[in-house]
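Residue-level structural notes
Given next are the chains, with one letter for each unit.
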Amino acid sequence: MKKVIVDIASFGQTALKKALKENKLNIVGVTVSPDVQNYEDLAVFNLEDIRTVSDVPVYTGAQRPLLNAEYVADKKCVKIEKMHEFADGHAVNFIIENADEELEIICLGTLSNVALAILKDEEKMKKVGRIFVAGGSLLGYQSTTETAYHNILADVEAADTVFKSGIPITLVPYGEIDDLPSAVFAVACGCDYSSWDAFVTIDTSIGMTRGQTVIDTVGYNLITMEKTPGIRQTVVTKLGKGE
């Protein structure tokens with residue numbers, strides 16, 4: 001059974017609880033990334049929701065995006081009473097301690113914690129088997145801006161750090177796949193899917209295209225003919241029978 005860490009923010013709680021109950025993955029811990037202004041309330045919300053189905057350790061982590069918190073400045077999470085305790089230690093340290101060839105990370109929200117883990121110990125993090133990312137937009141679909149999806153836009157620099165890390169990544173973008181959290185768990189569990197092999201980069205500019213996932217299936221600049229740097233990632237295009 002795969003060893004998995006699930007990183008979550010304000011979306012994907014239903015899919016995570018289902019995965020915990022089905023027990024098809026060995027989820028060794030849950031880490032909470034930021035995508036709202038009141039991070040502490042977000043963390044408690046996730047902790048208490050998870051505790052309805054599982055006693056898996058839940059770790060708090062980064063409390064704001066890496067560089068630019070403007071997008072999350074006016075977004076709030078509902079405040080609920082804290083009944084349980086978080087696991088001792090920081091989410092970033094927990095991720096690094098578990099980083100090896102057997103570990104896979106499922107990111108249902110922003111990539112803040114994973115990015116910080118890479119920045120803190122890049123050599124150790126490069127041992128991670130695969131990162132599954134729920135986010136990005138495909139074929140003109142969008143949910144937050146005309147070009148960007150919430151999970152990337154909420155911490156653009158974190159996403160950029162993760163996609164440049166060299167760790168194998170499977171991106172499950174918004175488009176034909178509406179329920180991204182459930183789709184990511186299905187892909188991680190080995191379901192059939194159609195996909196592209198592509199070079200994925202993140203637009204970090206301060207403008208209308210900030211947070212866009214640029215998916216390059218060609219691999220070189222059609223004007224200069226220069227090769228695209230980096231490694232090819234897997235971009236899921238449709239669940240079902242794979243090609």
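Structure: see above.
As a starting point, this report considers the structure included with it. In every chain, residue numbers begin from 1 and rise along the written sequence. Two thresholds apply to this predicted model, a pLDDT of at least 70 for residue-level local features and 80 or more for giving and counting side-chain atom pairs, whereas whole-chain, interface and lining totals are computed over all residues. No hydrogens and no water enter the side-chain calculation; it runs on all heavy atoms of the structure.

**A short note on the packing of aromatic side chains**
Quick note on the threshold: Only the six-membered ring of Trp is used, alongside the rings of Phe and Tyr, when aromatic pairs are assigned; centres must lie within 6.5 Å, and planes under 30 degrees apart are stacked while those over 60 apart are edge-to-face, with the rest tilted. For helices the rule is a DSSP run of H or I covering at least 4 residues; for strands it is a run of E covering at least 2, with both sets numbered from the N terminus onward. Categorising residues by exposure relies on relative accessible area from a 1.4 Å probe, with only protein chains included: less than 20% of the type maximum marks a residue as buried, more than 50% marks it as exposed, and the intermediate range marks it as partly exposed. Any Lys NZ or Arg CZ that is within 6 Å of a ring centre and within 35 degrees of that ring's normal is treated as a charge sitting over the ring.
With the rule as written, the count across this model stands at two aromatic pairs. Consider the rings of Tyr59 and Phe94, whose centres lie 4.1 Å apart with planes at 20 degrees: the pair is stacked. Of this pair, Tyr59 sits in strand S3 (residues 58-60) while Phe94 is found in helix H3 (residues 91-97), placing the two residues 35 residues apart along the sequence. The pair Tyr59 / Phe94 is uniform in exposure class, with both members buried. Over the ring of Tyr71 we find Lys75, and its NZ or CZ is 3.9 Å from the ring centre.

**With respect to the sheet that holds strand S6 (residues 169-174)**
Note the threshold: A strand pair is defined by DSSP finding two or more bridges across the two strands. Lines fitted to the C-alpha atoms define the axes, with helices restricted to the stretch that makes contact. Angles between their N-to-C directions range from 0 to 180 degrees.
Reading across from one edge, S3-S2-S1-S4-S5-S6-S9-S7-S8 is the order of the nine strands in this open sheet, with mixed pairing throughout. Looking at the sheet topology across the chains shown, the edges are occupied by S3 and strand S8 (213-216). Averaged over all pairs of adjacent strands, the angle between their axes in this sheet comes to 35 degrees, without regard to strand direction.

**Overview of the side chain of Thr147**
Just so we agree on the cut-off: Pairs of N or O atoms are called polar contacts if they sit within 3.5 Å, as long as, within protein, a hydrogen donor faces a hydrogen acceptor (for residues adjacent in sequence, only side-chain-to-side-chain pairs). The contact definition used throughout considers only heavy atoms, calling two residues in contact when any of these lie within 4.5 Å.
Here Thr147 shows up in the loop between strand S5 (130-137) and helix H6 (150-153). Within the structure, the side chain of Thr147 is placed 3.3 Å from the backbone oxygen of Met208, a separation counted as a polar contact. Those residues in contact with Thr147 that sit more than four places away from it in its chain are Ser137, Gln142, Met208, Thr209, Arg210 and Gln212.

**Quick notes on the packing of helix H1 (residues 13-22) against helix H2 (residues 39-50)**
We apply this condition: By definition, any crossing whose near helix is turned counterclockwise from its far helix by less than a right angle is left-handed, and any crossing with a clockwise turn is right-handed. Residue polarity is assigned by list, with Asp, Glu, Lys and Arg as charged and Ala, Val, Leu, Ile, Met, Phe, Trp, Tyr, Cys and Pro as nonpolar; anything else, Gly included, falls into the polar class.
The interhelical angle for the contact between H1 and H2, taken along N-to-C directions, is 35 degrees, at an axis separation of 10 Å. Classified by chirality, the crossing of H2 by H1 is right-handed. On H2, the residues touching Gln13, Leu16, Lys17 and Leu20 of H1 are Phe45, Asn46, Asp49 and Ile50. Partitioned by chemical class, the residues of the contact of H1 with H2 number four nonpolar, two polar and two charged.

**Some details on the nonpolar core**
Which entries qualify depends on this criterion: The nonpolar core is taken to be a set of buried Ala, Val, Leu, Ile, Met, Phe, Trp, Tyr and Cys residues, with the residues joined through side-chain atoms within 4.5 Å.
Core analysis: the biggest nonpolar cluster contains 38 residues, and Ile105, Val114, Met125 and Ile131 have the highest contact counts within it. Among the secondary structure elements, those contributing two or more residues to this core are H3, strand S4 (103-107), helix H4 (112-120), S5, H6, helix H7 (156-163), S6 and strand S7 (193-202). Residues within four places of Val114 in sequence aside, it is in contact with Ile95, Ile105, Cys107, Met125, Ile131 and Val162. Within the second largest apolar cluster, 35 residues are counted, among which are Val56, Val172, Ala183 and Phe185.

**Some thoughts on the packing of H1 against helix H8 (residues 180-188)**
Here is the rule we go by: Note that the term roughly parallel is reserved for angles under 35 degrees, roughly antiparallel for angles over 145, roughly perpendicular for angles of 65 to 115, and oblique for everything else.
H8 packs onto H1 with a crossing angle of 30 degrees between their chain directions and a minimal axis gap of 8 Å. For the element pair H1 / H8, the angle class is roughly parallel. The handedness of the crossing between H1 and H8 is right-handed. Listed contacts from H8 to Ala15, Leu16 and Ala19 of H1 are Pro181, Ser182 and Phe185. Looking at side-chain class alone, the contact of H1 with H8 contains five nonpolar, one polar and no charged residues.

**Brief notes about the pattern of salt bridges**
Stated precisely, the cut-off is as follows: Salt bridge criterion: a side-chain nitrogen from Lys or Arg within 4 Å of a carboxyl oxygen from Asp or Glu.
Counted by the stated rule, this structure contains nine salt bridges. Here Asp100 ties to Lys3 by a salt bridge, and the two come within 2.9 Å at their closest N and O atoms. Placement of the pair is Asp100 in the loop between H3 and S4 and Lys3 in strand S1 (residues 3-8), with a sequence separation of 97 residues. Looking at Lys3, the relative accessible area reads 15%, which means it is buried.

**Brief notes about a nonpolar patch on the surface**
Selection criterion: Residues enter a patch when their relative accessible area is above 30% and they make no salt bridge; the linking distance is 9 Å between like charges and 5 Å between nonpolar side chains (Val, Leu, Ile, Met, Phe, Trp, Tyr). Accessible areas in this description were obtained via Shrake-Rupley with a 1.4 Å probe; residue shielding takes into account the shown protein chains only.
Taken together, the side chains of Val218, Tyr220, Leu222 and Met225 make up a nonpolar region of the molecular surface, amounting to roughly 390 Å² of accessible area. Locating Met225 in the fold gives a position in the loop between S8 and strand S9 (233-239).

**Focus on the environment of Val214**
Tracing the sequence through the fold places Val214 in strand S8. Classification of Val214 by relative accessible area gives partly exposed; the value is 36%. Expressed as a C-alpha distance, the spacing of Val214 and Ile202, which sit twelve residues apart in the sequence, is 6.1 Å. Contact partners of Val214, with chain neighbours within four places excluded, come to Phe199, Val200 and Thr201.

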